[in-house]
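As a plain string of letters, each chain reads:
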Amino acid sequence: MSNNFRLSSELPASSRLPKAAVSMMRQSHIWGQGSSAAISIITKTHRMRLVSFLPMPIPLAIIGRNNWQQCRMGTTMNAVTAPRASQMRDERKPAFRALSEWAADACGFSPVAYRRGKDAFTDITACMIAGMNEIATGSVVNAIAEDGRGQCFAFGASGRVSAPWAALINGTAAHALDFDDNFAPAFTHATAVLAPALLSLVSGRRIDGSALIDAFIVGLELQGRIGRLMQPAHYKRGWHSTSTIGAIGTAGACARLLGATPDQVLAAMSAATSMAAGSKLQFGSMMKPIHAGLAAKNAVLAARFAMAGIGANDDPLAGDWGFAALTGAGRIGAEVMIDGLGETLEIETSGLLAKRFPCCGAVHRSVDALEVLQREPGFSLEAIDRIDMSLPEMARRNLRFDCPADEMEARFSGTYCMARMLVDGGLELEHFTPESVRDERIAVWLPRIRLIAYDNALMVDGANFEAITRVYLKDGRVMEATVSHPKGSPENPLNEDDLLAKFQTCCAWSGHAAAAEPLFKLAGALGAAIDVGEVMAGVERTLRIQ
């Protein structure tokens, strides 16, 4: 290999350039003398940076293991001064910058990643439809009625609004019923922030489905990797990660969708740290779903700030004044954010937990375990003395309302959710209304259901954990079931029929039962669309007709 060529430290030692890459570099005259430049080459498994003496201009191409793609490489070919080899060994790029560079350029994701991304948009579209007429959503629509005119569709709004307000409204609708997915590595409702923010940026732009899903996958990765640094300490301190980490990672995704350079992605995420806020004290109130809307709005604003040239601190998570230290992160080095970057994806390894119950995810495993026991011989309401449910302290604290006063508190009540499953054999949207919470059949069970917290250290992976449900019978026997992977998790996913059934339920809840099938098809088409804006216009027309 030419002596004029060096691999920087970003390339894992075990990695090798594909032969096709070497061939293209030779054909493109990348070997030789001339100006010094940094080139980013991305494969399906890693991103590497090559520092070499290069003739300019350089053909703008991206090289993958199995195919060749044209890519906007001009955004990463910034001229640099070639340092000495000793300097290169001593200099370490800040993790936040490395993460931003990856986010700007990464592509060529796996079929599994794309499929899960598309499914996430289908699921969140159902949630936005279900939440469009909820009080929280309507209140937000009314609050911005005089200020928000624009060209973006918002679920529940009578007219079109500007992008930040569309992100706010749609994020609120997505999270209004707590029916949207969970993302364990970041402890976030990831898609309720990512999808509304990204969709608000497609109006007036010809953005295709693959670009949308790419940005979603990148945003999820950013949330997850920031979560590696921040969690679980951040969440334990009481921060609602959806409105903090969710906003920061989504800002990077929005910048990516807008064609940002690595510097602009960094600036967007840095700006978002100045807007990230929200306490879990709001769980059980109308403000809780608005957190998702605010995070989406702030992400859009932060990305637009960056694209307008507004700069921000280059390393906003680091140091005594960094966001990580200020908001309760543990004693973990920032390098954890880039360990294995480009080799694996959070959407593949951790995935998303899609919900089949419209309530806090902390209770889903316990409810699933109770459902298992209900199918066992000898199980009956008359035979039960009491029920214990064991779960981590962090999950127990989220389920704050043992005697809920309204439907919002009921979504964060382990006793209520377990009693509903016990009495009615399910947890449906109609079980979270003011009338249903006053159901005397449920009230008599609440004192007989006990939540027992165990040490958070026993949690196996981020927000993933094991829940044990024990049913004590009057004759002295004890029935027990343990669930680690609830229905909807990547290990136990919702299938196509499950997704359709949930979609139909959500459409019926908002009064659009007759439009469920065409809306389901439109939502499923987002990832393959030639123009995502046109598909969303179809969703808008269908909802207004019905």
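Residues numbered from 1 in each chain as written. Predicted model: local features only at pLDDT ≥ 70, side-chain atom pairs only at ≥ 80, totals over all residues. Heavy atoms only, no water.

1. Quick notes on helix α5 (residues 135–143)
No. 1: Along α5, the positions that sit buried rather than exposed are Ala136, Thr137, Val140 and Val141. For α5, the angular spread of buried residues about the axis comes to 135°, placing them on one side. Exposed side of α5, more than 90 degrees from the buried face: Ile135, Asn142 and Ala143 are the residues found there.
No. 2: Elements that come into contact with the buried residues of α5 comprise α4 (111–131), α6 (163–175) and α12 (287–307). (Buried < 20%, exposed > 50% of the residue type's maximum accessible area, 1.4 Å probe, protein only. Helix = DSSP H or I, 4+ residues; strand = E, 2+ residues; numbered from the N terminus. Arc of directions from axis to C-beta. Contact = heavy atoms within 4.5 Å.)

2. What about the pairing of strand β9 (residues 467–473)?
No. 1: Along β9, six of the seven residues are buried, which leaves the element largely enclosed by surrounding structure.
No. 2: With six bridges joining them, strand β7 (residues 384–392) and β9 adopt antiparallel strand pairing. Pairing of Arg386 across the sheet is with Tyr472, part of β9.
No. 3: Of the pairings in the sheet, the one linking β9 to strand β10 (residues 478–483) comprises six bridges and is antiparallel in character. Following the sheet pairing, Ala467 is matched in β10 by Val483.
No. 4: Counting the residues between successive antiparallel strands, the hairpin from β9 to β10 contains four residues, one of them, Gly476, with a positive phi of roughly 100°. (Pairing = 2+ DSSP bridges.)

3. Notes on α4
No. 1: For α4, spanning 21 residues, the distance from its first C-alpha to its last is 30 Å, which sits close to the expected 30 Å at 1.5 Å a residue.
No. 2: For α4, the buried fraction is high: 15 of the 21 residues fall into the buried class. (Expected span 1.5 Å × (residues − 1).)

4. Thoughts on the sheet that holds strand β8 (residues 449–454)
No. 1: Spatially, four strands are ordered β8-β7-β9-β10 in an open sheet, and the strand pairing comes out mixed. Two strands close off the open sheet at either side, each with one partner strand: β8 and β10. The mean angle between the axes of side-by-side strands here comes to 20°, regardless of whether they run parallel or antiparallel. (Axes fitted to C-alpha atoms, helices over the stretch in contact; angles between N-to-C directions.)

5. Thoughts on the confidence of the model for the protein chain
As a general rule, the predicted coordinates of low-pLDDT regions are not to be interpreted in detail.
No. 1: Here the protein chain averages 85 in pLDDT, and 82% of its residues register 70 or above.
No. 2: For residues 1–90, every residue scores under 50 in pLDDT, and the model assigns this stretch 161 contacts once sequence neighbours within four places are set aside. (pLDDT = per-residue confidence, 0-100.)

6. Let's talk about the packing of aromatic side chains
No. 1: Under the definition given, this model contains eight aromatic pairs.
No. 2: With centroids separated by 6.3 Å and ring planes inclined at 50°, the aromatic side chains of Phe109 and Tyr114 adopt a geometry described as tilted.
No. 3: Its relative accessible area of 10% is what places Phe109 among the buried residues.
No. 4: Ring centres of Phe283 and Phe412 lie 5.2 Å apart, and the angle between their planes is 35°; on these two criteria the pair is classed as tilted. In this pair, Phe283 sits in the loop between α11 (262–273) and α12 while Phe412 sits in the loop between α17 (407–410) and α18 (414–424), placing the two residues 129 residues apart along the sequence.
No. 5: With relative accessibility at 4%, the residue Phe412 sits in the buried group.
No. 6: Counting every residue linked through ring pairs, the aromatic cluster contains Trp102, Phe109 and Tyr114.
No. 7: The residue whose ring lies beneath Lys280 is Tyr235, and the NZ or CZ to ring-centre distance is 3.5 Å.
No. 8: Between the NZ or CZ atom of Arg365 and the centre of the ring of Phe465, over which it lies, the distance is 4.1 Å. (Phe/Tyr/Trp six-rings, centres within 6.5 Å; stacked < 30°, edge-to-face > 60°. Lys NZ or Arg CZ within 6 Å of the ring centre and 35° of its normal.)

7. Looking at the environment of Ala166
No. 1: Tracing the sequence through the fold places Ala166 in helix α6.
No. 2: C-alpha separation for the pair Ala166 and Ala296, spaced 130 residues apart in sequence, amounts to 9.0 Å.
No. 3: Filtering out sequence-adjacent residues up to four positions away, Ala166 remains in contact with Cys152, Phe153, Ala154, Val161 and Ser200.

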